[in-house]
2 protein chains.
Amino acid sequence: MSAPPASSLPSGAAAPAPLGQPLSYEEAGVRYDVIDPLKVAAQRAAAATAPSLLRHGFAEIGASRGESAYVVDVGPFHLASIVECLGSKALVADAVQELTGRCHYGAIAQDTIAMAINDLVTVGATPLVVQAYWAAGGSAWFEDRGRAEALVAGWKAACDHCGVAWGGGETPALAGIVEAGRIDLAAACTGIVNPKERLSLGENLAAGDAIVLLASSGIHANGLSLARKLAERLPRGYLTEVAPGLRFGEALLAPTTLYSPVTEALWAAGVRVHYAANITGHGWRKLLRHPAPFTYRIDTVPPVPPVLAFIAREAGHDAAEAYGTLNMGAGFALFVPAAQADAAVAAAARCGVPAWVAGRVEAGPKRLLVEPLGLTFGADALALR
Amino acid sequence: MSAPPASSLPSGAAAPAPLGQPLSYEEAGVRYDVIDPLKVAAQRAAAATAPSLLRHGFAEIGASRGESAYVVDVGPFHLASIVECLGSKALVADAVQELTGRCHYGAIAQDTIAMAINDLVTVGATPLVVQAYWAAGGSAWFEDRGRAEALVAGWKAACDHCGVAWGGGETPALAGIVEAGRIDLAAACTGIVNPKERLSLGENLAAGDAIVLLASSGIHANGLSLARKLAERLPRGYLTEVAPGLRFGEALLAPTTLYSPVTEALWAAGVRVHYAANITGHGWRKLLRHPAPFTYRIDTVPPVPPVLAFIAREAGHDAAEAYGTLNMGAGFALFVPAAQADAAVAAAARCGVPAWVAGRVEAGPKRLLVEPLGLTFGADALALR
């Protein structure tokens, strides 16, 4: 582990930048350089625990280390598991509710589940069980019955949409750890890769594969720190219109698309997913996630949701910063045999999720070319391992 | 859902009671009456999602609803999963570190894993994979390298002790949700019940079964809100000696005993566990957890760890309140065939965990009799469902 000198680090949230000045993700208070050394140490220690599975007669799928979900071969199928945090999106729901009186915790529930499920399905898993983690800043959070009921109803609806069982969970009141009036939301998910050939850790990823992008519904749950900083410096804040009749706060709170119905439909339709990437933090740089050296050439760019176009414009982001930070309309990427690309798009459409055959995988140095925008991201643009 | 009038609820932590006055758990700021209506609504909604498993060809084990882990029959074995929160014990570690300079996050890591694993094993599951959830109040939390490394090392050691693989996890920086300088710790765990006859949801619990109690190492991670309030009103706070050479803060921070090596050893030794209860919140009332009507008669009470005797004395608890709130030396209860009770004690001892054949299950009205203390807890003493 290594860390930069403490004196160079902000102790808390950065002061808002003056209106009109560009606003980077790091200025919005997220310091990956501080978190990442811990992540590296934790990943190393975690990897060293794998031999314990052998005494149960099982073995980890080593290629899942560093991927979005952890996979263990338990014999008849693989087991996949994950825990994921919502992040700061609940703060936007709180701020918007103060302004409009409207509760968005049903959408927030879906966002939280999407964080876990959309990661879990990248490895080819069918999600089976979700566990809820709702840590409030005190018992008082649960006194707002409408809000609590919206959270419960939204959680159930998202589980039903994904065909998963809501197993249970934890609703601690954590005064002194979670701030008063706030809630820390996370979801754990367990699934199985069944049959085992559904495993999509990228072993079969090859030059010639098509890249299919699935539409996002908006910002999803990544980039909210940036959006919140932006709201602070807008004269009308979350009430600013990002498109006629669509206000910033409500646009941000569009619930994250749940992609597991699509990945299930793909399998049923005979589409063999070679690899998948959930486009979250680091935006389109996530297309570079697979460790092998390939060139990813994008020739078709999905329409950009108004809220993301607004953020990019107001934050003064160029295309490289916008696409390197936000999903910009593509919430999930599938890498499939070229001959199955159209079938993949059709299967997604049947699930109500617009999709595009957006490009292809090529032999060549590791990089992402977004041709319509003249963008290139190199191999060093994403360091997750 | 129903909630008491808002005016009757404390908005945050209660003011410390004057020294010498009794201190109840509710006065310590934990309001189960407010949380429980949400729990009930969530449990009902969760139960309604179970039919989704049928479309995958699986089915939930209905009896696991309301138990400590959720169980699904996936064919060759059962799948069990859970997410659990540490609670407020990290605040004690923070306070003690301020006083002594000593970091206890290695122990805190073990506590967090114990919360998940000790619940998971109650259903007869072998834990396989743990996921870490470490949500800090900002990137700054991770700058203290020694503390971060202790958390990583303690987490790995606890995984190794339990023979589970550390799959990965999430280390968000949640400024604005988690308080600055604090960390919200939780663990998700997935395991399997294999072979299926290891399932210990209580179907076989019967009059004549022995009750075997496993020693706790101290307070574990339940009752810390009470302990923190007590520290506030002690003149020397966490530095108060609870026994010669043993200070309150450090005694509280003894890491929670991990019981999965014992439950694995029991199976290997041929002991068939009919039911198990992790003794956490509600103390010994957890012995009443099983829904069937039985009388639980305890004739042997384990020695009380000095830190728990101290808390009970200083909080002015009588035996009913102490045993109804804290583990009082018994961290885990096993209900086994009487003929296997000695073998269970021996298996636990081989794992380094003292154990006692403490009583028996009898036909009769639902109640817990702790005869050496003259205590009776009735059927209404524990309402978890």
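Residues numbered from 1 in each chain as written. Chains lettered and ligands numbered in written order. Predicted model: local features only at pLDDT ≥ 70, side-chain atom pairs only at ≥ 80, totals over all residues. Heavy atoms only, no water.

Enquirer: So, the relation of the copies chain B and chain A: which residues are in play, and what are the values?
Expert: The transformation that overlays chain B on chain A combines an axial shift of 0.0 Å with a rotation of 180 degrees, and the residual RMSD is 0.0 Å. The operation mapping one copy onto its partner corresponds to a two-fold rotation axis. For chain B, the minimum C-alpha distance to the rotation axis belongs to Val178 of chain B and amounts to 2.1 Å. Looking at chain B, 99% of its interface residues are interface residues in chain A too, so the copies touch through the same face. (Least-squares fit on C-alpha atoms with pLDDT ≥ 70 in both. Contact = heavy atoms within 4.5 Å.)

Enquirer: Mind laying out the packing of aromatic side chains, listing which residues take part and the relevant values?
Expert: Residues and elements named next belong to chain A. According to the stated counting rule, one finds 24 aromatic pairs over all chains in the structure shown. The interplanar angle of 75 degrees and the centroid separation of 5.7 Å between the aromatic rings of Trp141 and Phe142 together place this pair among those described as edge-to-face. In terms of burial, Trp141 and Phe142 fall into one category: buried. The interplanar angle of 55 degrees and the centroid separation of 5.0 Å between the aromatic rings of Phe248 and Phe310 together place this pair among those described as tilted. (Phe/Tyr/Trp six-rings, centres within 6.5 Å; stacked < 30°, edge-to-face > 60°. Buried < 20%, exposed > 50% of the residue type's maximum accessible area, 1.4 Å probe, protein only.)

Enquirer: I'd like to hear about the domain arrangement of chain A, residue by residue, with values.
Expert: All names here are of chain A. What the domain assignment reports for chain A is domain 1 (6-30 + 202-381) and domain 2 (60-198). A separation of 20 Å is found between the C-alpha centroids of domain 1 and domain 2. With 31 residues of domain 1 in contact, the opposing surface of domain 2 contributes 36 residues. For the domain 1 and domain 2 pair, buried surface summed over both sides reaches about 2,800 Å², with 62% attributable to carbon and sulfur atoms. (Domains from an automatic or database assignment. Buried area = accessible area lost by both parts, 1.4 Å probe.)

Enquirer: If you had to explain the interface of chain B and chain A to someone new, which residues and values would you point to?
Expert: Listed by partner, the interface residues are 85 residues for chain B and 84 residues for chain A. Roughly 6,800 Å² of surface becomes buried between chain B and chain A when both sides are summed, with 68% attributable to carbon and sulfur atoms. Scanning the region where chain B abuts chain A turns up zero salt bridges. At the junction of chain B with chain A, the criterion picks out 17 residue pairs in polar contact (both at pLDDT 80 or more). Looking at the side of chain B that touches chain A element by element, the count peaks at nine residues for strand S4 (residues 126-136) of chain B. (Salt bridge = Lys/Arg side-chain N within 4 Å of Asp/Glu carboxyl O. Polar contact = N/O pair within 3.5 Å; in protein donor to acceptor, adjacent residues only side chain to side chain. Helix = DSSP H or I, 4+ residues; strand = E, 2+ residues; numbered from the N terminus.)

Enquirer: Explain the environment of Trp267 of chain A to me, using residue names and the numbers behind them.
Expert: Residue and element names in this part refer to chain A. Summarising the element assignment, Trp267 is placed in helix H7 (residues 260-268). Taking the C-alpha atoms as reference points, Trp267 and Ala344, 77 residues apart in sequence, are found 9.4 Å from one another. Residue contacts for Trp267: discarding those within four places in its chain leaves Pro195, Glu197, Arg198 and Arg272.

Enquirer: Tell me about the pattern of salt bridges, and please be specific about residues and values.
Expert: In total, this model carries 32 salt bridges over all chains according to the counting rule given. A salt bridge links Glu60 of chain A to Arg65 of chain A; the nearest nitrogen and oxygen atoms lie 3.0 Å apart. Assessed through its relative accessible area of 18%, Arg65 of chain A is described here as buried. With its nearest N and O atoms 2.8 Å apart, the salt bridge here joins Arg297 of chain B to Glu362 of chain B. With a gap of 65 residues between them, Arg297 of chain B in strand S11 (residues 295-298) and Glu362 of chain B in strand S13 (residues 355-362) connect regions that are remote in the sequence. Each of the two residues, Arg297 of chain B as well as Glu362 of chain B, counts as buried.

Enquirer: So, the environment of Leu253 of chain A: which residues are in play, and what are the values?
Expert: Residues and elements named next belong to chain A. Its place among the elements puts Leu253 in the loop between helix H6 (248-252) and H7. By relative accessible area, which is 3% here, Leu253 ends up buried. Ignoring sequence-local partners within four residues, the contact set of Leu253 consists of Lys89, Val92, Ala93, Val96, His104, Ala107 and Ile108.

Enquirer: Quick rundown of the side chain of Arg198 of chain B? Include the residues and the values.
Expert: Residues and elements named next belong to chain B. When you line up the elements, Arg198 lands in the loop between strand S6 (183-193) and strand S7 (210-215). By relative accessible area, Arg198 is classed as buried at 8%. In this structure, Arg198 is in contact with Val123, Gly124, Thr126, Val193, Thr263, Glu264 and Trp267, ignoring residues within four places of it in sequence.

Enquirer: Please give an account of the sheet that holds strand S14 (residues 367-370) of chain A that cites residues and values.
Expert: Residue and element names in this part refer to chain A. A sheet is described by the order of its strands in space; here seven strands give the open sequence S10-S12-S7-S13-S11-S14-S15, paired in mixed fashion. With one partner strand each, in any of the chains shown, strand S10 (275-278) and strand S15 (375-378) form the two edges of the open sheet. The average undirected angle you get between the axes of adjacent strands in this sheet is 20 degrees. With four bridges joining them, S14 and S15 adopt antiparallel strand pairing. Paired with Val370 across the strands is Leu375, a residue of S15. (Pairing = 2+ DSSP bridges. Axes fitted to C-alpha atoms, helices over the stretch in contact; angles between N-to-C directions.)

Enquirer: Outline the pairing of S15 of chain A, listing residues and values.
Expert: Here S15 of chain A shows a clear split, with Leu375 and Phe377 of chain A buried on one side and none of Thr376 and Gly378 of chain A buried on the other. Joining the antiparallel neighbours S14 of chain A and S15 of chain A is a turn of four residues, in which Gly374 of chain A adopts a positive phi near 65 degrees.

Enquirer: So, the nonpolar core: which residues are in play, and what are the values?
Expert: Trp134, Phe248, Trp284 and Ile311 of chain A are the most contacted members of the largest nonpolar core, which totals 115 residues. Among the elements that line this core, the one with the most residues is helix H3 (residues 105-120) of chain A, at nine residues. Ranked by size, the runner-up nonpolar core spans 114 residues in total, among them Leu230, Leu252, Ile311 and Leu375 of chain B. (Core = buried A, V, L, I, M, F, W, Y, C linked by side-chain atoms within 4.5 Å.)

Enquirer: How would you sum up helix H4 (residues 145-162) of chain A? Please name residues and give values.
Expert: In a regular helix each residue adds 1.5 Å, so 18 residues correspond to 26 Å; H4 of chain A covers 26 Å between its end C-alpha atoms and thus fits that length. Listed as buried for H4 of chain A are Arg147, Ala148, Ala150, Leu151, Val152, Gly154, Trp155, Ala158, Cys159 and Cys162 of chain A. (Expected span 1.5 Å × (residues − 1).)

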